Amino acid sequence: MKPAPATTILHVSTVRTRPASAAPAADAAVFRTRADEVYAQLKRDVAEFILVPGDRFTENEISDRLGVSRTPVRQALFRLQQEGFVEVLFRSGWRVLPFDFDQFEQLYDLRMVLETTAVHRICEADHRVDRSLLDTLAGIWLVPVAERSTDTAQVAQWDEAFHCSLVAAAGNAEMARVHSDVTDRIRIIRRLDFTQQPRIEATYEEHAKILKAIRANRGDQAAMLLRAHIETSQAEVRKITLHQVHLARHAGKTRP
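Thresholds applied
Residues numbered from 1 in each chain as written. Predicted model: local features only at pLDDT ≥ 70, side-chain atom pairs only at ≥ 80, totals over all residues. Heavy atoms only, no water. Helix = DSSP H or I, 4+ residues; strand = E, 2+ residues; numbered from the N terminus. Buried < 20%, exposed > 50% of the residue type's maximum accessible area, 1.4 Å probe, protein only. Polar contact = N/O pair within 3.5 Å; in protein donor to acceptor, adjacent residues only side chain to side chain. Contact = heavy atoms within 4.5 Å. Pairing = 2+ DSSP bridges. Axes fitted to C-alpha atoms, helices over the stretch in contact; angles between N-to-C directions. Core = buried A, V, L, I, M, F, W, Y, C linked by side-chain atoms within 4.5 Å. Domains from an automatic or database assignment.

In the nomenclature of an unreviewed UniProt entry, the protein corresponds to GntR family transcriptional regulator from the organism Variovorax paradoxus.

(A) Summary view of the side chain of T183. Within the secondary structure, T183 sits in helix α7 (residues 173-190). On the basis of relative accessibility, which here comes to 2%, the residue T183 falls in the buried class. One polar contact links the side chain of T183 to the main-chain carbonyl oxygen of H179, over a distance of 2.8 Å. With residues near it in sequence (within four places) discarded, T183 still touches E160, C164 and R190.

(B) Region of interest: the sheet that holds strand β2 (residues 86-89). Reading across from one edge, β1-β3-β2 is the order of the 3 strands in this open sheet, with antiparallel pairing throughout. Sheet topology places β1 (56-57) and β2 at the edges, where each strand pairs with a single neighbour. Inspection of the sheet shows β1 paired to strand β3 (residues 93-96) by 2 bridges, in the antiparallel sense. What sits directly across from R56, in β3, is R95. Taken strand by strand, helix α3 (residues 70-82) contacts β1, β2 and β3, and its axis lies near 115° from that of β2.

(C) Structural view of the nonpolar core. Ranked by size, the top nonpolar core spans 57 residues in total, and within it F57, F104, L166 and I214 carry the most contacts. Among the elements that take part in this core, helix α4 (residues 101-123) stands out by supplying 10 residues, more than any other. Two domains share this core, each providing at least three of its residues, namely domain 1 (34-98) and domain 2 (101-252). If sequence neighbours within four positions are ignored, F104 has contacts with F99, R185, I186, I188 and I189.

Below, the structure is given as structure tokens:
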């Protein structure tokens, strides 16, 4: 009869210790979630020129504006610092860094290598090619003019999916992983390519030509068209970005 109390005490002890050990993990998860939300919001602020290159701010200002504590704000800012969007200033808060166009151009170069290599592999009819991805792209981009989307946000998402799907369809998971990382790093400026209707129309035309060349297994032609498409987009994005920064700075100076 004596073992029973010991078993009861052990059970109670276990129950009591679980909440205490789980609490820090739960708190950390909450902070991580909030930090992710703050990170996403601040990155949008930079992309939409609410935070303009050169702007200075403090963690307290961000905390007050977003209604969160300083801990997730600090975590988000350190993450943005690692990505080259902000820098910490000694005893004076943070500053939004100018866009590093040299770095963006290097990323675009890498993107071009990956994507042109992918279309060559697809046209070589490698057994690893995922034809279902290509069929999905055809259903979006090879449509009559009257059925084309004019929703800039939707077209921007489809455009990113188009390029990611081309690489994924080639069947090399490591290539797709590296390309996904590059895509994430250039997204902040690449989205500007779809703020003007003529660029949406051009994207439909250029994507259609690339897909038709791939379907005909013309690797050299597909790669040439893809290269021209990326170079045009890159030039447009740089021009639009510089213009938007100028407008945002001017608005900041004239704002009462």
